[in-house]
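What the coordinates show
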Number of protein chains: 2
Amino acid sequence: MGGALRVGVAGLGTVGAGTVRVLQTHAALLAARAGREIKITEVSAKSRGKDRGIALDAYRWHDDPRALAESNEVDVVVELIGGADGVAGEVVRSAMAHGKHVVTANKALIAHHGTELALAAEKAGVSLAFEAAVAGGIPIVKALREGLAANKLSRVYGILNGTCNYILTTMRASGREFADVLAEAQKLGYAEADPAFDIDGVDTAHKLAILTSLAFGTEVNFKAVHTEGIREVSALDIQFADELGYRIKLLGIARRTENGIEQRVHPCMIREALPIAHIDGAFNAVVADGDFVDTTMYEGRGAGAGPTASAVVADLVDVARGPRVPAFAVPAGALETLKPAPMAAHRGSYYVRFMVVDRPGVFAEIAGALRDHAVSMEAILQHGRAPGEKVPVVLTTHETEEAAMQATLAAIVQAGAVVEPPRMIRLEAF
Amino acid sequence: MGGALRVGVAGLGTVGAGTVRVLQTHAALLAARAGREIKITEVSAKSRGKDRGIALDAYRWHDDPRALAESNEVDVVVELIGGADGVAGEVVRSAMAHGKHVVTANKALIAHHGTELALAAEKAGVSLAFEAAVAGGIPIVKALREGLAANKLSRVYGILNGTCNYILTTMRASGREFADVLAEAQKLGYAEADPAFDIDGVDTAHKLAILTSLAFGTEVNFKAVHTEGIREVSALDIQFADELGYRIKLLGIARRTENGIEQRVHPCMIREALPIAHIDGAFNAVVADGDFVDTTMYEGRGAGAGPTASAVVADLVDVARGPRVPAFAVPAGALETLKPAPMAAHRGSYYVRFMVVDRPGVFAEIAGALRDHAVSMEAILQHGRAPGEKVPVVLTTHETEEAAMQATLAAIVQAGAVVEPPRMIRLEAF
């Protein structure tokens, strides 16, 4: 058994405290698995006095995580500060420059600066590991980087944000509206006071950008992610989805297309029979399709102290066993520039709901706009005709181009056929 | 980039040919990921002339795989011969004794001799890798050995045999009986001419024994697996399961109990709402529960040339990157002796179907036997009463001990209350 791996933990929030707890609880087990002791030597956080429910006395304390990053008593820095820029980035860069391995749960940092940081890690001869940055406790980074290494991947997608999945699951179960369920989720602590990051899809987009690089060997390109959130999903659409045999999920999807690599985050309707349609509540799931392995799926808790700390500590065990896999599976210098496929060129099927006043001619206007843009209808649903009153008309299309669909919707609005903006949700036929 | 990793492939059946195909197709991609070329140098199989749809001219041919295991031109031997004993074992042992790494898909070999082989690998300072031995393309060995390394696991279970899952899925979809669906599966090539290994649960038990060791750090103990197959599952039971909100799956289940480690393979009824209930056809799935990560699930194709070769080649990439994880996560000498929990002490709920002639007193006999053994009924189902004729009576129990349940069934048979042996299926409340 080699010498102990000395760990410095920067950031003692939920995940930081969880990481300390795992390392304390399973010290013997981890030493057996890693072949050497994994030992916290130093920690850093803003407030020393705060009760975190864990004993920290044995560790050297730093008010400034930058000091921890430079310490001679640390072999690996665990960065759990968060944020794409600022202190977290400084700590990570400094730690690597000082010859230390880095383990981080910081998806924003990796999504924005992943390629640059991977290059820096290789230059310094250290490991940069971020299993905890994507899908919490699910070992999906390892699966893509190692487990599926024999495959050329064609697609990776998933439910990557537990808050959104919880809200959508609860909306379906209760029939309640988005705002109502969000408010409750905030009260229960399942959603942040400022929920924008989650519900507008940004968090999912961060994670997707990382998965894309791992899957396709391309530079991380968060800016190329087409991102929509779940604010517009209504109880009515969930009801229609049920009727049509679908579930609505916020997915992050990356795939190779003839136009380049498509990265998109938006609500999707997926067939009820698919296993991923049954991933409910705070759970995450990732599906990866490879040319030899075919379809594989990975499911688990996407957030929380325990699951995220599980991923952080798995990375530490990897480092202790002897790091030897590049951050993004291939050397950072070999990552290709990602050629983004334009969203306008996306091809797929669509669900659209129009609110119309049921008068003669309305259907003709909608049907005419579809015809004019060569969009072919698959099914149409209307309940409870009430002449002179506002009623929903739902239709699904055959495969068509995003640009044609958007032009169709604009034309229908333009023609005054609808009394509310149409609601469009993409159908994903996995 | 280091020197090439020289691979010898012993066995060129479906998986062997698939492995060669992956290595040929993705040579450049694999070199980028592994940091060095992965190059087949030698192959061996029974019949040299056979057309396998792949070019083998560039490789040195051995009629005897034992010669390949001793070759100086091979760094790693891929054993795809199969069988718990005989040539496969000789090849693996000889390869390690000659300082070569071993990658194998041979679940029988690992289930019967895993601990001994892991010790031999460590003694020789080589890697013994068997991702392909469990659940085909799903990287579950890596997940347990590395991805979940931060956790003490409490349970691992899964759908581990695609043939059984295909038969059960088809029985449910079509309403047809086992023998009929099996015959069709054999005709379609989804089941072997001699299907006993699959349908009697032995293949599942092999895989479960391996998962148990990885999950709990215990010596592989295949003999301790309680094994039942799916021959007794009838269309009628599938119909009742549906009515009760369950699906019937053949599961392998290992868990820590107060009596020791329970390893069992048998048909289970699981709630329809669980994601694993929707794993259909030839797909496999494994669920692992850890103390910090909570529940995680892994799904994919459990067999076939592509998925299994994907796992074999992932192991080769691992070896090429630099092996450094013990075969069973901890050094083989540190594996604990597995203390098997006796099946009679298993606690759970049960589904039982009795075929009775509907006459006064039959219910009293059944109810009396339940009372005598302190087995508490949860629900009872009977359709279509036909006095004087044979009808099914179905009941589910609250949690009880296996021994009590078995004694109850024996007493009911003894009392002459039933006209066929009762059918019992365990309910699993995951």
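Everything quoted here is computed from the prediction, not taken from an experiment.

Looking at the overall build of chain A
A tally of helices and strands in chain A yields 14 helices and 17 strands. Along the longest, intermediate and shortest principal axes, the C-alpha atoms of chain A span 80 × 45 × 35 Å. Expressed as a percentage of its 430 residues, the buried residues of chain A come to 61%. Relative to all contacts within chain A whose residues are 6 or more apart in sequence, the contacts with residues 24 or more apart total 74%.

What about the relation of the copies chain B and chain A?
Superposing chain B onto chain A requires a rotation of 180° together with a translation of 0.0 Å along the rotation axis, leaving an RMSD of 0.0 Å. Taken together, the rotation angle and the small translation identify this as a two-fold axis. Across chain B, the rotation axis passes nearest the C-alpha of Tyr298(B), at a separation of 2.3 Å. In this assembly, 100% of the residues forming the interface of chain B have copies in chain A that are likewise at the interface, indicating an isologous arrangement.

Here we look at the state of the cysteines
Tallied over the full model, the rule gives 0 disulfides over all chains. You can see Cys268(A) has no disulfide; the closest cysteine sulfur is in Cys164(A), sitting 12 Å from it.

Things to note about the environment of Met355(A)
All names here are of chain A. For Met-355, the location among the structural elements is in strand β13 (residues 347–357). With relative accessibility at 7%, the residue Met-355 sits in the buried group. Along the primary structure Met-355 and Arg-426 are separated by 71 residues, whereas in three dimensions their C-alpha atoms are 18 Å apart.

So, the packing of aromatic side chains
This model, assessed by the stated rule, comprises 7 aromatic pairs over all chains. A ring pair is formed by Tyr157(A) and Phe430(A), whose centres lie 3.7 Å apart and whose planes are at 10°; its orientation type is stacked. In this pair, Tyr157(A) is assigned in strand β7 (residues 153–159) and Phe430(A) in the segment after β17 (423–428), connecting sequence segments 273 residues apart. Seen from their ring centres, Phe130(B) and Phe328(B) are 5.1 Å apart, and the 40° between their planes marks the pair as tilted. Remark: Phe328(B) occurs in the loop between α12 (305–321) and β13 (347–357) and Phe130(B) occurs in the loop between β6 (128–129) and α6 (140–147); sequence separation between them is 198 residues.

Focus on the pattern of salt bridges
For the structure on display, the rule yields 62 salt bridges over all chains. For Lys142(A), the salt bridge goes to Asp318(A), with nearest N and O atoms at 2.7 Å. With a gap of 176 residues between them, Lys142(A) in helix α6 (residues 140–147) and Asp318(A) in helix α12 (residues 305–321) connect regions that are remote in the sequence. The class of Lys142(A) is buried, set by a relative accessible area of 4%. With relative accessibility at 8%, the residue Asp318(A) sits in the buried group. Here Arg6(B) makes a salt bridge to Asp75(B), at a shortest N to O gap of 2.8 Å. Of this pair, Arg6(B) sits in strand β1 (residues 5–10) while Asp75(B) sits in the loop between α3 (65–70) and β4 (76–79), placing them 69 residues apart in sequence. Judged by its relative accessible area of 24%, Arg6(B) falls in the partly exposed class. When salt bridges that share partners are traced, they join Lys142(A), Arg145(A), Glu146(A), Asp318(A), Lys142(B), Arg145(B), Glu146(B) and Asp318(B) into one network.

Let's talk about the pairing of strand β1 (residues 5–10) of chain A
Residues and elements named next belong to chain A. Burial analysis of β1 places 5 of its 6 residues in the buried class, the great majority of the element. Both β1 and strand β2 (residues 38–44) contribute to a ladder of 6 bridges, which runs parallel. Bridge pairing in β2 places Leu-5 opposite Ile-38. Inspection of the sheet shows β1 paired to strand β4 (residues 76–79) by 4 bridges, in the parallel sense. Note that in β4 the partner of Val-7 across the bridge is Val-76.

Overview of the packing of α12(A) against α6(B)
Across the interface, α12(A) lies against α6(B) with an axial gap of 10 Å and an inter-helix angle of 85°. In terms of orientation, α12(A) lies roughly perpendicular with respect to α6(B). Taken together, the residues of α6(B) that come into contact with α12(A) (itself represented by Ala314(A), Asp318(A) and Arg321(A)) are Arg145(B), Glu146(B) and Gly147(B). Grouping the amino acids of the contact of α12(A) with α6(B) by side-chain chemistry returns 1 nonpolar, 1 polar and 4 charged.

A closer look at the interface of chain B and chain A
The interface is formed by 50 residues belonging to chain B together with 50 residues belonging to chain A. Interface area for chain B against chain A, summed over the two sides, is near 4,400 Å², with a carbon-plus-sulfur share of 56%. On the chain B side of the contact with chain A, Phe292(B), Arg321(B) and Arg324(B) bury the most area, a combined 17% of that side's loss. At the surface where chain B touches chain A, the tally comes to 4 salt bridges. With a closest N to O distance of 2.4 Å, Asp294(A) and Arg301(B) form a salt bridge. Between chain B and chain A we count 20 residue pairs in polar contact (both at pLDDT 80 or more) in total. At the level of secondary structure, the elements contributing two or more residues to the side of chain B that touches chain A comprise α1 (14–25), α2 (27–34), α6, β12 (294–301) and α12 of chain B. Of the residues belonging to the side of chain B that touches chain A, the class tally is 25 nonpolar, 12 polar and 13 charged. Sheet topology note: the strand β12 (residues 294–301) of chain A/β12(B) ladder contains 3 bridges and is antiparallel. Within β12(B), the residue paired with Tyr298(A) across the bridge is Tyr298(B).

Notes on helix α5 (residues 107–124) of chain A
Residues three or four positions apart in an α-helix share a direction because the helix packs 3.6 residues into each turn. Residues and elements named next belong to chain A. For α5, with 18 residues, the first-to-last C-alpha span of 22 Å runs short of the 26 Å given by 1.5 Å per residue. At His-113, α5 is deflected by roughly 85°, the largest bend along its length. Those residues of α5 that fall on the buried side of the exposure criterion are Ala-108, Leu-109, Ile-110, Ala-111, His-113, Gly-114, Thr-115, Leu-117, Ala-118 and Ala-121. Its buried side turned inward, α5 meets β4, α4 (87–97), β5 (101–104), β6 (128–129) and α10 (202–216). Two or three places before Ala-108, at the start of α5, stands the capping residue Asn-106, its side-chain oxygen 3.3 Å from that residue's backbone nitrogen. Gly-125 sits one or two residues past α5 and shows a positive phi near 70°.

What counts and how
- Residues numbered from 1 in each chain as written.
- Chains lettered and ligands numbered in written order.
- Predicted model: local features only at pLDDT ≥ 70, side-chain atom pairs only at ≥ 80, totals over all residues.
- Heavy atoms only, no water.
- Helix = DSSP H or I, 4+ residues; strand = E, 2+ residues; numbered from the N terminus.
- Buried < 20%, exposed > 50% of the residue type's maximum accessible area, 1.4 Å probe, protein only.
- Contact = heavy atoms within 4.5 Å.
- Least-squares fit on C-alpha atoms with pLDDT ≥ 70 in both.
- Disulfide = S-S within 2.5 Å.
- Phe/Tyr/Trp six-rings, centres within 6.5 Å; stacked < 30°, edge-to-face > 60°.
- Salt bridge = Lys/Arg side-chain N within 4 Å of Asp/Glu carboxyl O.
- Pairing = 2+ DSSP bridges.
- Axes fitted to C-alpha atoms, helices over the stretch in contact; angles between N-to-C directions.
- Parallel < 35°, antiparallel > 145°, perpendicular 65-115°, else oblique.
- Nonpolar A, V, L, I, M, F, W, Y, C, P; charged D, E, K, R; others polar.
- Buried area = accessible area lost by both parts, 1.4 Å probe.
- Polar contact = N/O pair within 3.5 Å; in protein donor to acceptor, adjacent residues only side chain to side chain.
- Expected span 1.5 Å × (residues − 1).
- Bend = angle between axes of the 7 residues up to and from the residue.

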